[in-house]
Amino acid sequence: MTNVIYAIVVLGVLGALFGLILAIASKIFEVKKDPREEAILSHLAGANCGGCGYPGCGGCAAAILAGDAPVTACAPAGAENAAAIAEIMGMAAPTGEREVAFVRCTGGVNAKKRYDYVGVKDCISATKVAGGPLECTFGCLGFGSCVNACQFGAMSIGENGTAVVDPEKCTNCGACMKACPRHLIVSVPASKKVHVTCANQDKGKAAMSVCSSSCIGCGLCQKECKKDAIHVVNGVAVVDYEKCVGCKLCTKVCPRDAIIPVATAEEKEKYKAIKKAQAEKAAAAKKAAEEAAAASAQ
Amino acid sequence: MDQIFELLAITLGAILANNFIFSQFLGICPFLGVSKKVDTAVGMGIAVTFVMGLASAVCFVVNNFVLVPLGLGYMQTVAFILVIASLVQFIEMFLQKAMPSLYTALGVYLPLITTNCAVLGVVLLNVQNSYSFISSVVYGITGGLGFLLAIVLFASIRERLVFAEYPKAFEGFPIALVTAGLMALAFMGFSGLKIW
């Protein structure tokens, strides 16, 4: 029994002694910290997600204070906190729309398999084995490296086997974008609803043969768009979010259903009929005008 | 004279023949973690040397004047960890004040010295070998110097590895582990070293 008491007392005294020395040392070696750093830190998300590229929220706060990082460096904290940080730093509040992550692939079960991958359930490992188990070298592998990277529970593997983002929970921290070995996840404005769900840059036939929901770069959407807001770049359609007004005309002409929200066959038929009627009307008007011109000439 | 020979034997043993990294495999975590640049490796090596030397001295005092007289030898590990943790905290504060650049360069590996098994290893080996106070301190410092030597050699090799051609699958840690293994083999050459 005395042994136990000795042990407790001795270790307690030792601990107290070292604690005292440390307390004194902390006064002697105190580093003057800018009080603004604490203030900035209180406005960061505090998840230590590392999305900003600095080691933890403390590192980010120091970087913002030093001017190395913008006041919006912490995406998860949101616009309100960015404005508060800007005020601490004595800057104008930044303006900008909330952005969320978006996965540019809905292939999954539609994509052709090249082989059965049985290794570690991790996208990076899977891509190391002969370039990945999918025929499509751009497609989402669905092993969920991004799901694991997400600190906010905003990512999941959807029912068709590709990763999907919950825009409500997403803070656009960028962790998933770094985790994806195929760089499929991009940041898009949260208010925009029309997105191209494929990143395949192959030529039409090659893209068509590997997946039934791939963008083949046919350019129909580009022709259809009245606002010049969608373009085929490097063999894949890309939405220009600054110009897109969300009219969804492109979704109705896409032969591959690679633009969301996907238009139903019914909607497509209806649109086709409207277009046909319009074309006929235009042709008739043209004919009438020609006839009238011919009549007046006579 | 005998004592000088003993200290010489301890020194050579700790730095070369029984190098903490290459033949006792202690302290591998910071060895792999902070060996990407020679500058930070030197900083880490010096910090570890400092902690090891101080820890050896303080732990000798704690062990021989507190624990052993009270029959608490079995509490060694706990007491030593307490000492090491406080020392590391102290050094962290000191570095933050005196050498902020080194403090940021070492980053998370500085507090990790707390759990660096090379430090705990050296103080436990001191007790196991029943070294005197001077021998303990010498063993601590030279053990740290051995760590410094190992990490600096390793960091210089890793810096040059950038220019080497090796299969892509070996990029990063795999090639570092292969390198460390080869260096451990090389250090085995010292194992027959005897002073008398």
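Residues numbered from 1 in each chain as written. Chains lettered and ligands numbered in written order. Predicted model: local features only at pLDDT ≥ 70, side-chain atom pairs only at ≥ 80, totals over all residues. Heavy atoms only, no water.

Draft legend 1. Layout of the interface of chain B and chain A. With 20 residues of chain B at the contact, the number on the chain A side is 15 residues. Buried surface at the junction of chain B and chain A, both sides included, amounts to about 1600 Å², of which 84% is carbon and sulfur. Counting across the interface, chain B meets chain A through 0 salt bridges. Seen at the junction of chain B and chain A, the total is 0 residue pairs in polar contact (both at pLDDT 80 or more). Of the residues forming the side of chain B that touches chain A, the biggest block, 11 residues, is contributed by helix α4 (residues 76–98) of chain B. For the side of chain B that touches chain A, a count of residues per class yields 15 nonpolar, 4 polar and 1 charged. (Contact = heavy atoms within 4.5 Å. Buried area = accessible area lost by both parts, 1.4 Å probe. Salt bridge = Lys/Arg side-chain N within 4 Å of Asp/Glu carboxyl O. Polar contact = N/O pair within 3.5 Å; in protein donor to acceptor, adjacent residues only side chain to side chain. Helix = DSSP H or I, 4+ residues; strand = E, 2+ residues; numbered from the N terminus. Nonpolar A, V, L, I, M, F, W, Y, C, P; charged D, E, K, R; others polar.)

Draft legend 2. Expanded view of the environment of A:C52. All names here are of chain A. Structurally, C52 is set in the loop between α2 (35–42) and α3 (56–66). Measuring from C-alpha to C-alpha, the distance between C52 and A175 comes to 8.7 Å, with 123 residues separating the pair along the chain. Sequence-distant contacts of C52, defined by excluding residues within four places in its chain, comprise C60 and A73.

Draft legend 3. Here's a closer look at the pattern of salt bridges. Residue and element names in this part refer to chain A. Tallied over the entire structure, the rule returns 5 salt bridges over all chains. Between E224 and K226 there is a salt bridge; the shortest N-O distance is 4.0 Å. On the accessibility criterion, E224 (8% relative accessible area) is buried. Judged by its relative accessible area of 61%, K226 is exposed. (Buried < 20%, exposed > 50% of the residue type's maximum accessible area, 1.4 Å probe, protein only.)

Draft legend 4. A look at the packing of aromatic side chains. In total, this model carries 10 aromatic pairs over all chains according to the counting rule given. Judged by centre distance (5.8 Å) and plane angle (80°), the ring pair of A:F29 and B:F90 falls under edge-to-face. Of this pair, A:F29 sits in the loop between α1 (2–28) and α2 while B:F90 sits in helix α4, placing the two residues on different chains. Between the aromatic rings of B:F187 and B:F190, the centroid separation amounts to 5.5 Å while the plane-to-plane angle is 65°, which identifies the pairing as edge-to-face. Overall, the relative accessible area of 10% leaves B:F187 in the buried class. What links up through ring pairs into an aromatic cluster is the set B:F22, B:F31, B:F154, B:F187 and B:F190. Across from the ring centre of B:F173, 5.8 Å away, lies the NZ or CZ of B:R158, which sits over that ring. (Phe/Tyr/Trp six-rings, centres within 6.5 Å; stacked < 30°, edge-to-face > 60°. Lys NZ or Arg CZ within 6 Å of the ring centre and 35° of its normal.)

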